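Notes for the structure review
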Amino acid sequence: MSLGNTTRLDLADKVILGLVTALALLWLAPIIWVIGLSFKPNEVLMRDTRGVFSAPFTLKNYTDIIASSQVFSWMLNSVIVATGQTVLTLMLSTLAGYGFARTDFPGKRILFAVVLVGLAVPEQAIIVPLHTMFAAADLHNTYAGLIAPRLAFPFGVFLMTQYFRGVPREIEEAAMLDNASRFKIFVKVILPLTIPAQATLGIYTFLHAWNEYFWPLVSATKPEMYTLTIGLAAMQTNFAQTEGIGFLMAQAVFAGLPVFILYLFFQRHIINAVSGRVG
Amino acid sequence: MAGISLQRVSKRFGQVEAVSDLSLEIGSGEFAVFLGPSGCGKTTLLRMIAGLEDVSDGEIRIGGERVDHLAPGQRGVAMVFQHYALYPHMSVHDNMAFGLKNIGVARDEIARKVAAAVKMLEIEPLLQRKPTQLSGGQKQRVAIGRAIVKEPKAFLFDEPLSNLDAALRSRTRIELARLHQQVKSTMVFVTHDQVEAMTLATRIIVMNKGKIEQVGTPMDVYRRPATKFVATFVGTPAMNVLAGVLSEVGSMAMVTLKDGSPIRTSIKAAGLGGVREVEIGIRAEHVGSKGSIPATVEVVERLGDRSLVYGRLGDGTVVTFEEAGDIGLAIGDPVLLSFSPEHVHIFDAHGRAHQTA
Amino acid sequence: MTTITSLAVSAPAPRARKARAASRDPESVGRRSLWNLLFVAPFMLVFAGLVLLPVALGAWLSFQDYDMLSGYHGAVGWKNYIELWNDRIFIRSVGNTLWFVCLTTPAFVAIGLFLALALNNSWRSSAVFRSVFFGSSILSVTIVTLIWRLVYMQDRGLIANLLAPLGIPAPAFITSEALALPGIAIVTVWWIIGLPMMLFLAALQQIPRELYEAAALDNASRWRTLIWVTLPAIKRTVILVAVLEVVMQFQLFGQAHLITGGGPNNASRPIVMFIYEAGFRDWALGYAAAASQVLFVLMMAAALLQMWLGRTKAQG
């Protein structure tokens, strides 16, 4: 379509730009509205939500959050679970990714095919038996229980396999001639050369772990184990009667802040991971 | 340093045979060059010596010891890769020290060896730089330095000059020759460029389709090629090849070209078997322009020190001939060519070449 | 001296080893070795335990009468599936899910493609726009549903506020049977439009510049270039995005769970929510497992159908 670098805008371009701007405003409107609501006193909002951008404003909703300890404990849980998942996923994915990318062993084709099949299995198809298994192992309402299931998702392995194959073979061959063991090659040559890809996978995993809904919903049933996502959902259930729309919105904004900061700094990585590109 | 012995070595990739039943002895201290077109198996052979490819059949010995079951690092060879294969995230110093560290050499020993290699290659100022900060020629030297510190039994070079521009290539060629003098080690060098082979080798191994065509010194390979393939592959411009019919004149072979011109040779007719249809070969520098074979000038290339002329014979064959300096011929001029009898090669139906005894 | 050392003359060496049945992976470096299995072992163990095992267990469970409350009653063959077939709510949920997929997938493809085409340039404004459209997808489902529950509020929502001056009442996205799923569809498209947009952008950027230049020299108008050059070049991505979205939207859960609760009157209950309720509210594990298997099969069928349709279209 647009060849991109022309500075002259014809009518068609202007119309498209207008459409896109309108859409963008449409996209931002709910978020801006909600942020505005979080700064309004609850009593006002009980009656009327129209005066979002006019007085009165208040910071009470936010101070209330800081006063009430729940959000912070939820956030802590989210941090622990997301960090744990990220670190462990990186370890498993890089090891397996290298194994599939550049080493040869009996049964490699079969194992890779099996992992490929696993990519097609959706979370929901196995959540019931998974829950039963974890219940039998008494792993519900534990950090391990929250972290474990996603470790098995093959996406990370595929990402790392693809990226490891981008390292020129000659470098590994040189290392072999330099008497480096396979594991040493992995640690001292491959890993340092693929840090961007690991960062991409790490950030992507963190984000998804942070936002996870279904599994924590059924596994973390005790309020003290709620992650931020689940805790916020629990607050939502009948908000017509809750402490107030303003307070609820402030919690939403609060919950969105960490991922927003992540997005601000790591947008490129998140996009790369999602579109399957690396580095 | 040590010699390399290949006995009946073969390599198959699935159904394709890249190297066929090849045997070769490379003497200790030799500079052996594997020369051939792409796909001839020369790189595969080098990689088999290095241990980067398994041997399908046969044995490889280095310094008398059988190595084809050993891991690459345990064979006592060092390799300089086509694209250098330096570790991008390590400094020049660490690139060179990596191999020694892996086998547990003491730190001061490593420092000593690295310092010696660095001095020889004149790359001291580069020690702390990373490969991305180096030019092609500098990377080349670091790659060589990495090989030198290992003090290997043999150096293996995989087309190391193909990535360099023309000027750098000739300079590096000279440095490699000098390196061989200094280090006095066995060197195995793979290339498709026959100029590199001619200038660097103590012996050239010409390969084609997984087999050896000829092994010999550069001059031998040039003057007395064993097969038609070697004759046409080595030498620029390529040797002229013309078809003709064999007969005998006074116990010497004589070939009559398609246009009827008789070509006398100094080759004994007896050794040629009973073949009638043969081809002859003659290099451009052995074709004269004051003879009796009629041709028309098609193209003249003036190179400064010499001129190359492409003349078309009556039967359509193009013959290249060479004259020193400038030549007073223009396109379309008629010219009478002569072939120096002592320098005519005859190629029989099996592709074997026969020369004056 | 000239020597010909080729041994073509002597007899060939006996082929001691038969050609190995499995040829090695050309991408790999170094020898085939059992030790290399250690690299993939940790992941494979986790994978086997947390994916393969549950898959098998789920399949087995679906043929059992296993209820957390009343206990285990042994294998019952196809009973769970037959019950599902007769379960009005389940059938409704399957219909809902299919309807939802039909609503969202074309929207994702069309809007995503439009945005990608419009924003495939190096303008500053486009970079900002791309950030906006992609940004919504980083929010969790709870934040998204919280926002949109408010937007959809009948009396005080954003839509209500905007339409009030015009005298139009806000559409009852939450309380109306007909509008419940469309309402969720709107939320979902708002939420994850970034993904298809990015995939299309990546595909568009793969199109070599020269094709556009050739079209320009061939006097192709912008519209013609779009139809005859751009779209054919990204056909495979369009199919990919469609398949991806179908698979993803089959898994609808959070939005329905939190915005409409599956109502009103089961109008917006998707299959996954049914599974959730059967498994974690009613604790009928065998039944829920059976529903999970059905979901899995439906998803596979839909994805395969899409791919097959896409392939014949691509060839035709």
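Calculation notes
- Numbers given for residues are sequential positions, taken from 1 along each chain in its written order.
- To read the labels, note that chains go from A and ligands from 1, taken in the order they are written.
- Totals for whole chains, interfaces and linings use all residues, but because this is a predicted model, local features are given only for residues with pLDDT of at least 70 and pairs of side-chain atoms are given and counted only at 80 or more.
- Side-chain numbers come from the whole structure's heavy atoms, not from hydrogens or water.
- Note on conventions: DSSP H or I runs of at least 4 residues are helices, E runs of at least 2 residues are strands, and numbering of each starts at the N terminus.
- Burial classes: relative accessible area under 20% of the type maximum marks a residue as buried, over 50% as exposed, and values in between as partly exposed (1.4 Å probe, protein chains only).
- Lys and Arg are tallied as positive, Asp and Glu as negative. Neither His nor the chain termini are counted.
- For this purpose, a charge sits on NZ of Lys, CZ of Arg, CG of Asp or CD of Glu.
- The contact criterion used throughout is that any non-hydrogen atoms of two residues lie within 4.5 Å.
- Buried area is understood as the total, over both parts, of accessible area removed when two parts are fitted together, assessed with a 1.4 Å probe.
- For this analysis, a salt bridge means a side-chain nitrogen from Lys or Arg found within 4 Å of a carboxyl oxygen belonging to Asp or Glu.
- Two N or O atoms count as a polar contact when they lie within 3.5 Å, although within protein this holds only if one can serve as hydrogen donor and the other as acceptor, and sequence-adjacent residues are included solely when both atoms are side-chain atoms.
- Residues are sorted three ways: Asp, Glu, Lys and Arg are charged, Ala, Val, Leu, Ile, Met, Phe, Trp, Tyr, Cys and Pro are nonpolar, and all the rest, Gly among them, are polar.
- Strand pairing is defined by DSSP finding a minimum of two bridges between the two strands.
- All axes are obtained by fitting lines to C-alpha atoms, using only the stretch in contact for helices, and the reported angles, taken between N-to-C directions, cover 0 to 180 degrees.
- Patch membership requires more than 30% relative accessible area and the absence of a salt bridge. Residues of like charge join within 9 Å; the nonpolar side chains Val, Leu, Ile, Met, Phe, Trp and Tyr join within 5 Å.
- Every accessible area reported is derived by Shrake-Rupley at a probe size of 1.4 Å, with residue values counting cover from the shown protein chains alone.
- Definition used in this section: a nonpolar core is a set of buried Ala, Val, Leu, Ile, Met, Phe, Trp, Tyr and Cys residues joined via side-chain atoms within 4.5 Å.
- Note on aromatic pairs: the rings of Phe, Tyr and Trp (six-membered ring only in Trp) are paired at centre separations within 6.5 Å, and the planes decide the class, stacked below 30 degrees, edge-to-face beyond 60, tilted for the rest.
- Our definition puts a charge over a ring when NZ of Lys or CZ of Arg is within 6 Å of the ring centre and also within 35 degrees of the ring normal.
- Under this scheme an angle from 65 to 115 degrees is roughly perpendicular, one under 35 degrees roughly parallel, and one over 145 degrees roughly antiparallel; angles in between are oblique.
- When the near helix sits turned anticlockwise from the far one by under a right angle, the crossing is termed left-handed; a clockwise turn instead gives a right-handed crossing.
- As a per-residue quantity, pLDDT reports the predictor's confidence and falls between 0 and 100.

We now examine the overall build of chain C. When its secondary structure is counted, chain C shows 14 helices and 2 strands. By its C-alpha atoms, chain C is 105 × 70 × 35 Å across when sized along the principal axes. The 316 residues of chain C split such that 51% are buried. If the 23 positive side-chain charges of chain C are averaged to one point and the 14 negative ones to another, these points end up 12 Å apart.

A separate point is unusual backbone geometry. Cis geometry marks the peptide bond from Thr236(B) to Pro237(B), where omega comes out at 0°. Note on placement: Pro237(B) falls in the loop between helix 8 (228–233) and strand 11 (240–249). Phi at Arg8(B) takes a positive value of approximately 50°, unusual for a residue other than glycine. Positionally, Arg8(B) belongs in strand 1 (residues 4–13). Backbone geometry places Asn266(C), a non-glycine residue, at a positive phi of 65°.

This brings us to the interface of chain B and chain A. Contact residues are listed per partner, giving 25 residues for chain B and 16 residues for chain A. Interface area, chain B with chain A, both sides summed: about 1700 Å², of which 61% is carbon and sulfur. Taken together, the connections running from chain B to chain A amount to 2 salt bridges. Across the salt bridge formed by Glu173(A) and Arg47(B), the nearest N and O atoms sit 2.6 Å from each other. On inspection of chain B and its partner chain A, the count reaches 12 residue pairs in polar contact (both at pLDDT 80 or more). Those elements giving two or more residues to the side of chain B that touches chain A turn out to be helix 1 (42–50), strand 6 (77–80) and helix 2 (92–102) of chain B. For the side of chain B that touches chain A, the element with the most residues is helix 2 of chain B, which contributes 4 residues. Partitioning the side of chain B that touches chain A into residue classes produces 14 nonpolar, 8 polar and 3 charged.

On to the sheet that holds strand 5 (residues 65–66) of chain B, then. Residue and element names in this part refer to chain B. Here we have 4 strands laid out as an open sheet, ordered 2-1-4-5, and antiparallel in their pairing. Where the open sheet ends on each side, the last strands, each with one partner, are strand 2 (16–26) and strand 5. Relative to strand 4 (residues 57–62), strand 1 runs antiparallel, the two sharing 5 bridges. Looking across to strand 4, one finds that Ser10 is bridged to Asp57. The strands touched by helix 1 within the sheet are strand 1, strand 2 and strand 4, with strand 1 carrying the most contacts at an inclination of about 115°.

Attention now goes to the sheet that holds strand 9 (residues 203–208) of chain B. Residue and element names in this part refer to chain B. Strand order across the open sheet formed by 6 strands is 6-7-8-3-9-10, with mixed pairing between neighbours. With one partner strand each, in any of the chains shown, strand 6 and strand 10 (211–216) form the two edges of the open sheet. Sheet twist, expressed as the mean angle between neighbouring strand axes with direction ignored, is 20°. Two strands pair when backbone bridges link them, and strand 6 and strand 7 (residues 154–158) are joined in this way by 4 bridges, in the parallel orientation. Among the inter-strand pairings, Val80 is bridged to a residue of strand 7, identified as Phe157. Helix 5 (residues 166–183) contacts strand 3 (31–35), strand 7 and strand 8 (186–191) of the sheet and is inclined by roughly 160° relative to strand 8.

Taken together, the side chains of Leu257(A), Phe260(A), Ile261(A), Leu264(A), Phe265(A) and Phe266(A) present a nonpolar region at the surface, about 610 Å² in accessible area. Following the sequence through the fold, Phe265(A) ends up in helix 14 (residues 245–274).

Facing 106 residues of chain A, the contacting portion of chain C comprises 98 residues. For the chain A and chain C pair, buried surface summed over both sides reaches about 8900 Å², with 74% attributable to carbon and sulfur atoms. The interface formed by chain A and chain C contains 6 salt bridges. Two residues, Arg165(A) and Glu27(C), come together in a salt bridge whose shortest N-O distance is 3.7 Å. Counting the contacts that link chain A with chain C gives 20 residue pairs in polar contact (both at pLDDT 80 or more). Residue contributions to the side of chain A that touches chain C peak at 18 residues, all from helix 1 (residues 11–38) of chain A.

Our next topic: helix 1 of chain B. The buried count for helix 1 of chain B comes to 8 of 9 residues, which makes it a mostly enclosed element. Immediately downstream of helix 1 of chain B, the backbone of Gly51(B) shows phi near 95°, a positive value.

Now for the pairing of strand 1 (residues 64–67) of chain C. Within a regular beta strand, the side chains point alternately toward one face of the sheet and then the other, so they alternate between its two faces. All names here are of chain C. Bridge count between strand 1 and strand 2 (residues 71–75): 3 bridges; the pairing is antiparallel. Looking at strand 2, one finds that Gln64 is bridged to Ala75. The hairpin formed by strand 1 and strand 2 contains 3 residues between the paired strands.

Let's shift gears to the nonpolar core. One finds Phe133(C) and Trp148(C) to be the most contacted residues of the largest nonpolar core, which totals 154 residues. Here the element with the most residues in this core is helix 14 of chain A; it accounts for 14 residues. Here Phe133(C) is in contact with Val20(A), Leu23(A), Ala24(A), Trp27(A), Leu115(C), Leu119(C), Ile193(C), Gly194(C) and Met197(C), once residues within four sequence places are set aside. Ranked by size, the runner-up nonpolar core spans 57 residues in total, among them Leu177(A), Leu24(B), Val77(B) and Met207(B).

Within a pair of aromatic rings, the relevant descriptors are the distance that separates the centres and the angle that separates the planes. Taken as a whole and judged by the stated rule, the model has 36 aromatic pairs over all chains. For the pair Phe155(A) and Tyr204(A), a centre-to-centre distance of 4.9 Å together with 45° between the ring planes defines the contact as tilted. Of this pair, Phe155(A) sits in helix 8 (residues 155–164) while Tyr204(A) sits in helix 11 (residues 195–211), and the two are 49 residues apart along the sequence. Chaining the aromatic ring pairs together yields one cluster made of Tyr213(A), Phe214(A), Phe253(C), Tyr276(C), Phe280(C) and Trp283(C). When the ring centre of Tyr87(B) is taken as origin, the NZ or CZ atom of Arg146(B), which lies over that ring, is 5.0 Å away. The aromatic ring of Tyr222(B) is capped on one face by Arg283(B), whose charged end is 4.0 Å from the ring centroid.

Residues and elements named next belong to chain A. One can find Gln85 in helix 4 (residues 70–102). Taking the relative accessible area as the measure of exposure, Gln85 reaches 1% and is therefore buried. For the pair Gln85 and Ala144, spaced 59 residues apart in the sequence, the C-alpha separation amounts to 9.5 Å. Not counting residues within four places of it along the chain, the set of residues in contact with Gln85 comprises Leu146, Ile147, Arg150, Leu151, Thr205, Ala209 and Glu212. A distance of 3.3 Å separates a polar atom in the side chain of Gln85 from a polar atom in the side chain of Glu212.

In this section: the pattern of salt bridges. All names here are of chain B. What the rule picks out here adds up to 38 salt bridges over all chains. Close ionic contact of Glu53 with Arg47 constitutes a salt bridge, the shortest N to O distance being 3.3 Å. Residue Glu53 is classed as buried on the basis of its relative accessible area, which comes to 18%. The residue Glu151 makes a salt bridge to Lys113 at a minimum N-O spacing of 3.3 Å. Of this pair, Glu151 sits in the loop between helix 4 (136–148) and strand 7 while Lys113 sits in helix 3 (residues 107–121), and the two are 38 residues apart along the sequence. Using a relative accessible area of 57% as the deciding quantity, one classes Glu151 as exposed. For Lys113, a relative accessible area of 16% corresponds to the buried category.

Contact pair helix 4 of chain A / helix 1 (residues 37–61) of chain C: the axes reach a minimum separation of 7 Å and the direction vectors enclose 120°. In terms of their interaxial angle, helix 4 of chain A and helix 1 of chain C are classed as oblique. Here helix 4 of chain A and helix 1 of chain C pass one another in a crossing that is left-handed. Residue-level inspection shows Leu92(A), Leu95(A), Ala96(A), Tyr98(A), Gly99(A) and Phe100(A) of helix 4 of chain A in contact with helix 1 of chain C, the latter providing Phe39(C), Val40(C), Pro42(C), Phe43(C), Met44(C) and Val46(C). Here the contact of helix 4 of chain A with helix 1 of chain C is built from residues that sort into 11 nonpolar, 1 polar and no charged.

We now examine the side chain of Asn161(C). Tracing the backbone through its elements, the reader meets Asn161(C) in helix 6 (residues 158–163). Here Asn161(C) is in contact with Trp33(A), Thr49(A), Arg50(A), Asp155(C) and Arg156(C), once residues within four sequence places are set aside.

It is worth spelling out the confidence of the model for chain C at this point. Residues and elements named next belong to chain C. For chain C, per-residue confidence averages 86 on the pLDDT scale, and residues scoring 70 or more make up 91% of the total. This model gives residues 1–22 a pLDDT under 50, and the stretch forms 30 contacts once residues within four places in sequence are excluded. Both scores are available for the predicted complex, with the pTM at 0.84 and the ipTM at 0.87.

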